[in-house]
Amino acid sequence: MPAGTILGIIGPSGSGKTTTIRMLMGSLAPSDGTVRVLGEEPTRFHRDTREQIGYMPQAFVLYPDLTAGENVDFVASLYGLLLLRRWRRTREVLELLDLWDVRKRRAGALSGGMQRRLELACTLVHDPRLLILDEPTAGIDPLLRRTVWDELHRLRDTGVTALVTTQYVTEAEECDLVALISEGRLIGFASPVDLRRDAFGGDIVEVTTTGTFDAAVLGTTSSVRRIRQTGLRDFRAIVDDAAVALPELVDAVGEAGAEVASALEARPSFEEVFTELVEADRRRRDGEPEQATAAAAPSVPLGRPPGADEDPDESEAVA
Amino acid sequence: MIQVTKSLTRTLALVGKELLEVVRRPGAMISLVLGPFLILAVFGLGYGGGRVALRTVVVVPPDAALPTDPAAYEAFQARGLRVTEVSANEVVARQRLANGAVDIVVVVPHDARASLEAGEQADLRILMNLTDPVMANYAGFLADTLAAEVNRELYRRAAEEGRGYAISVGGRALENIPPEVIASPVRAAPENIAPTRPAILPFFGLAALALVLQHMAVSLVALSVVRERRSGAMDLFRIAPVRATELVVGKVLAYGLLGALVAGISAFLLVGVLGVPMLGSPGLVAAVVGLLLLASLGLGLLISVISDSERQAVQLSLLVLLASMFFSGFVLRIAEFTTPVQVGANLLPVTHGIGLLQDLLLRGTIVQGWQVAALAVIAGVLLVTSWGLLRREMRPA
């Protein structure tokens, strides 16, 4: 995982996200393979290494009888921050997450969203290089989710690396890299754009004609990988590059004696991408032939994400 | 140096957090500490310290030359029997005993003199209807005392008759010796050389203080660790660079301070309000309280490490409390138990806490010096064992 990126581990509940986090934190040993975080095996972390990691667990683990400020101050102390720095950082993170005004309120009396932000504040208070956040957006409203992601993007821009798990598939768009997991298996690992392409075997162009049209006649068009008729006047084409293929498709339809009413590059939602990848993985495991998708299987192992081997000197592998 | 400073920061943070949590929930603390003291106060104020005389019916055979007026048996009251009725009918008396209307029926032998002259012992039958083994023992003791008293009376009468005969045949030396002296030439003259003779409340107050301190330390620290494990805070500690040593020291310091505060207030109440004498050095008393708290915190930590839920921790803490009530010398003397049980009793911190506090405050000195060493060893073993187990728990997989 390159430094200064956000890696999202996305999968439904029970897919193995928290187990992965626990392996990364050294609470669980891997049954197979190796895990290295910040260059060390998590089960043999040095103290200095631990101090560079900010961990936010899935459940609220702070102390409800302590105030918001006291909770942040306590966690800062656990990381060894001395008094003045602790005060400064506590104020900074509380202000950053819009909790300064409620710093004297007991954590147990805060709303669910505030508690989640308080946990994030505790995770950030010691200025970690690497953030490991277990479902930071679970159970909070969409507006607050937006705030959390904005904050993660801001941290990423300052060089912080973040590994985030989420069960909201749509949040894949917020990440620089996405690892899709299902039933403990990695079924996709790429940037969101590449993952979408991988799931469907290329860019998707959706075409609607003015009259009935049989898209099978377009099979010979050079930029088209596959065509699927989706209605009497509609079809979906999987192409290498939508920008190149769109004019070619419009011409090809015209040459076939029909007229294009609309032709757009489609951006399937990540629910569709995820479903497609899960189905492809299931078929592969069942030994069924590949159908609609092309490159659904992850082609890059976990330690070497797409792009990482293109210029390995530019980024430091942190996880 | 930096690591030491950071370690100190972490430890103090843990201390502060524990204290804040307790301060923010004063109700639990008050009930934990004041509850036992209130119960003790009710016990002390409500308990007279002596046994209530048993309601007694004396069955006197019709031909016996004994009084039939209950008032004539007033002397029995001193022996723990209150004669409420004198009856000639044993069947009726038994029925009253079975109904619970009386506690004891004393059946005077039909003709004691005749039995004696026949060379046989006469039975002074004492009938009781008690299921409480302690009361049954007590009643048996009263029966023996009563029999001895009757025997003494017989000796006295015989001595009186014998003395007249002896004097008449020239034994002038017996003239000045009263028959009761001849019947009972030796009598007990008890003397208590203890420097103080506290009343029931102050005496048990010290034991209650030791028990409260142990229970408070065990419960609070055990629940604190188990709650943190359940909430996931222990994972946070494991991942943050917190060491088991810092965690143990933080908890021990926090609850040790709290325990010392409770001990200080309680000692003030016991000495200043309830009038418990303070013959020993306050420094030594503080040292004993400190050792008791350390050992109790070690026990609480051990419970927290072996418990996988708050419920289990509470149950184990209550079991320790129950064992302490029975075996620590709080109610029953340890010497009255069998040797294996005595060994077990001596493994409880409160056993030594009670003994040492009572010695120090009521006698002014430590009589059983080995108890100090025992308490220190218990504290050391429990703390080191708990630390080792906690360290293993906090170690990465």
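About the criteria used
Note that residues are indexed from 1 along each chain, following the sequence as it is written. Here chains are named by letter from A upward and ligands by number from 1 upward, in the order in which they appear as written. Note on the predicted model: pLDDT of at least 70 is required for a residue's local features to be given, and 80 or more for side-chain atom pairs to be given and counted; whole-chain, interface and lining totals, by contrast, use all residues. Note that the side-chain values use all heavy atoms of the structure and ignore hydrogens as well as water. Counting from the N terminus, the helices are the DSSP runs of H or I reaching at least four residues and the strands are the DSSP runs of E reaching at least two. For the exposure calls, accessible area comes from a 1.4 Å probe over protein chains only, and a residue counts as buried if that area is under 20% of its type's maximum, exposed if over 50%, partly exposed in between. Whether two residues are in contact is decided by their heavy atoms, any of which lying within 4.5 Å being enough. Throughout, the Shrake-Rupley method with a 1.4 Å probe supplies accessible areas, and for residues the shown protein chains are the sole cover considered. Only the contacting stretch of a helix is used when fitting its axis, a line to C-alpha atoms as for every element, and angles between N-to-C directions run 0 to 180 degrees. Should the near helix be turned counterclockwise from the far one by less than a right angle, the crossing is left-handed, whereas a clockwise turn marks it as right-handed. Each residue receives one of three labels: charged for Asp, Glu, Lys and Arg, nonpolar for Ala, Val, Leu, Ile, Met, Phe, Trp, Tyr, Cys and Pro, and polar for the others, Gly being one of them. All domain edges in this entry derive from an automatic or database-based domain assignment. As used here, buried area is the combined drop in accessible area, with a 1.4 Å probe, of two parts when they are placed together. When DSSP finds two or more bridges between a pair of strands, those strands are recorded as paired. Whenever a carboxyl oxygen of Asp or Glu lies within 4 Å of a side-chain nitrogen of Lys or Arg, that contact is scored as a salt bridge. Polar contact is defined as a pair of N or O atoms within 3.5 Å, subject to the rule that within protein one atom must be able to donate a hydrogen and the other to accept it, and that residues adjacent in sequence are counted only when both atoms are side-chain atoms. Only Phe, Tyr and Trp rings take part, Trp by its six-membered ring, and two of them pair if their centres are within 6.5 Å. Stacked means planes under 30 degrees apart, edge-to-face means over 60, and tilted covers everything else. Only Lys NZ and Arg CZ are tested; either one counts as a charge over a ring when it is within 6 Å of the ring centre and within 35 degrees of the ring normal.

Turning our eyes to something else, we now look at the overall build of chain B. For chain B, the helix and strand inventory stands at 15 helices and four strands. The proportion of buried residues among the 397 residues of chain B is 41%. Expressed as a percentage of contacts within chain B between residues at least 6 apart in sequence, the contacts between residues at least 24 apart total 74%. By element, 63% of the accessible surface of chain B is carried by carbon and sulfur atoms, the whole surface being about 21,000 Å².

A word on the packing of helix α8 (residues 200–231) of chain B against helix α11 (residues 282–306) of chain B. Residues and elements named next belong to chain B. One can describe the packing of α8 onto α11 by two numbers: an axis separation of 7 Å at closest approach and a directional angle of 35°. Crossing of α8 against α11: the hand is right-handed. Every residue of α11 that contacts α8 at A210, L213, Q214, A217, V218, V221, A222, V225, V226 and R229 is listed here: V289, L292, L293, S296, L297, L299, G300, L301, I303, S304 and V305. A per-class count over the contact of α8 with α11 returns 16 nonpolar, four polar and one charged.

All right, on to the environment of B:G16 then. Residue and element names in this part refer to chain B. Summarising the element assignment, G16 is placed in helix α1 (residues 2–24). Judged by its relative accessible area of 28%, G16 falls in the partly exposed class. Linking G16 and N137, residues 121 residues apart in sequence, is a C-alpha distance of 54 Å.

Quick look at the domain arrangement of chain A now. All names here are of chain A. Domain annotation of chain A identifies domain 1 (6–190) and domain 2 (200–286). In this assembly, 13 residues from domain 1 lie in contact with eight residues from domain 2. Summing both partners gives a buried area of about 1,000 Å² for domain 1 against domain 2, and 67% of it is carried by carbon and sulfur. When residues of domain 1 are sorted by the area they lose upon contact with domain 2, V169, R185 and I187 head the list and together hold 46% of the total.

Attention now moves to the sheet that holds strand β7 (residues 203–209) of chain A. Backbone hydrogen bonds hold the strands of a sheet together, and the pairing may be parallel or antiparallel. Residues and elements named next belong to chain A. In space, the four strands of this open sheet follow the order β8-β9-β7-β10, with antiparallel pairing throughout. Strand pairing shows two members of the sheet lacking a second neighbour, β8 (224–229) and β10 (260–266), which therefore form its edges. Taking the axes of each pair of neighbouring strands and ignoring which way they run, one obtains an average angle of 20° across the sheet. As paired elements, β7 and β10 share six bridges and run antiparallel to each other. For T209, the partnering residue across the bridge sits in β10 and is V260.

So, on to the interface of chain B and chain A. One frequently used descriptor of interface size is the decrease in accessible area upon assembly of the parts. Of the residues lining the interface, 27 residues belong to chain B; the matching set on chain A comes to 29 residues. Carbon and sulfur atoms supply 59% of the area buried between chain B and chain A, which totals about 2,800 Å² over both sides. Its largest share of buried area at the contact with chain A, chain B owes to B:R24, B:L236 and B:I239, together 25% of the area lost on that side. A:D65 is paired through a salt bridge with B:R25; the nearest N and O atoms lie 2.6 Å apart. Counting across the interface, chain B meets chain A through 10 residue pairs in polar contact (both at pLDDT 80 or more). Counting residues per element, the ones that place at least two in the side of chain B that touches chain A are α1, α8 and α9 (233–239) of chain B. The element best represented in the side of chain B that touches chain A is α1(B), accounting for 11 residues. By residue class, the composition of the side of chain B that touches chain A is 12 nonpolar, five polar and 10 charged.

Attention now moves to the environment of A:Y168. Looking at the secondary structure, you find A:Y168 in the loop between β4 (161–166) and β5 (177–182). Distance from A:Y168 to A:D134, taken between C-alpha atoms, is 12 Å for residues 34 residues apart in sequence.

All names here are of chain B. On the secondary structure map, R391 appears in helix α15 (residues 370–394). By relative accessible area, R391 is classed as partly exposed at 43%. Distance in space between the C-alpha atoms of R391 and L247 is 9.5 Å, their sequence separation being 144 residues.

Residue and element names in this part refer to chain B. Here the structure, examined in full by the defined rule, presents 42 salt bridges over all chains. Note that R94 and E90 form a salt bridge whose closest N and O atoms lie 3.2 Å from each other. Here R94 pairs with E90, and both are found in helix α4 (residues 90–99), just four residues apart, close to one helical turn. According to the relative accessible area criterion, E90 is partly exposed, its value standing at 21%. Between E310 and R227 there is a salt bridge, and its shortest N-O distance comes to 3.9 Å. Of this pair, E310 sits in helix α12 (residues 310–327) while R227 sits in helix α8, placing them 83 residues apart in sequence.

As a further point, take the domain arrangement of chain B. Partitioning chain B into structural domains gives domain 1 (54–192) and domain 2 (199–393). The centre of domain 1 of chain B, based on its C-alpha atoms, is set 51 Å off from the matching centre of domain 2 of chain B.

All names here are of chain B. The mixed open sheet is built from four strands, whose spatial order is β2-β1-β3-β4. Bordering the open sheet on either side are β2 (81–87) and β4 (125–128), each of which pairs with just one other strand. For this sheet, the mean angle separating the axes of adjacent strands, direction not counted, is 25°.

Here the focus is unusual backbone geometry. Residue and element names in this part refer to chain A. The phi angle at L38 is positive, at roughly 50°, despite the residue not being glycine. As for its position among the elements, L38 is in the loop between α1 (17–25) and α2 (47–51). Phi is positive for E183, which is not a glycine, with a value near 50°. On the secondary structure map, E183 appears in the loop between β5 and β6 (185–190).

As a further point, take the pairing of β5(A). Residue and element names in this part refer to chain A. In terms of burial, β5 is largely enclosed, as six of its six residues are buried. Burial along β5 is two-sided: the face carrying L177, A179 and I181 and the face carrying V178, L180 and S182 are both buried. Taken together, the four bridges between strand β1 (residues 6–10) and β5 define a ladder with parallel strand orientation. Counted as the bridge partner of L7 is L177 from β5. The pairing of β5 with β6 spans five bridges and is classified as antiparallel. Its bridge partner lying in β6, I181 is registered against L186. Remark: two residues form the turn of the hairpin made by β5 and β6, two consecutive strands paired antiparallel; E183 in that turn has positive phi of roughly 50°.

This structure, assessed with the given rule, holds six aromatic pairs over all chains. An angle of 85° between the planes, with centres 5.5 Å apart, marks the rings of A:Y63 and A:F74 as edge-to-face. A residue pair is termed long-range when its members are at least 10 positions apart, and A:Y63 in the loop between β2 (53–56) and α3 (68–78) and A:F74 in helix α3 qualify at 11 residues. Given the relative accessible area of 4%, A:F74 is considered buried. The interplanar angle of 45° and the centroid separation of 6.2 Å between the aromatic rings of B:F326 and B:F327 together place this pair among those described as tilted. On the basis of relative accessibility, which here comes to 46%, the residue B:F326 falls in the partly exposed class. Exposure remark for B:F327: the relative accessible area of 30% places this residue in the partly exposed category. Aromatic ring contacts, followed pair by pair, group A:Y63, A:F74 and B:F237 into a single cluster. For the cation-ring pair, A:R103 lies above A:W100, with the distance from its terminal atom to the ring centre recorded as 4.0 Å. Positioned over the ring face of A:Y168 is A:R145, at 3.9 Å from the centre of the ring.

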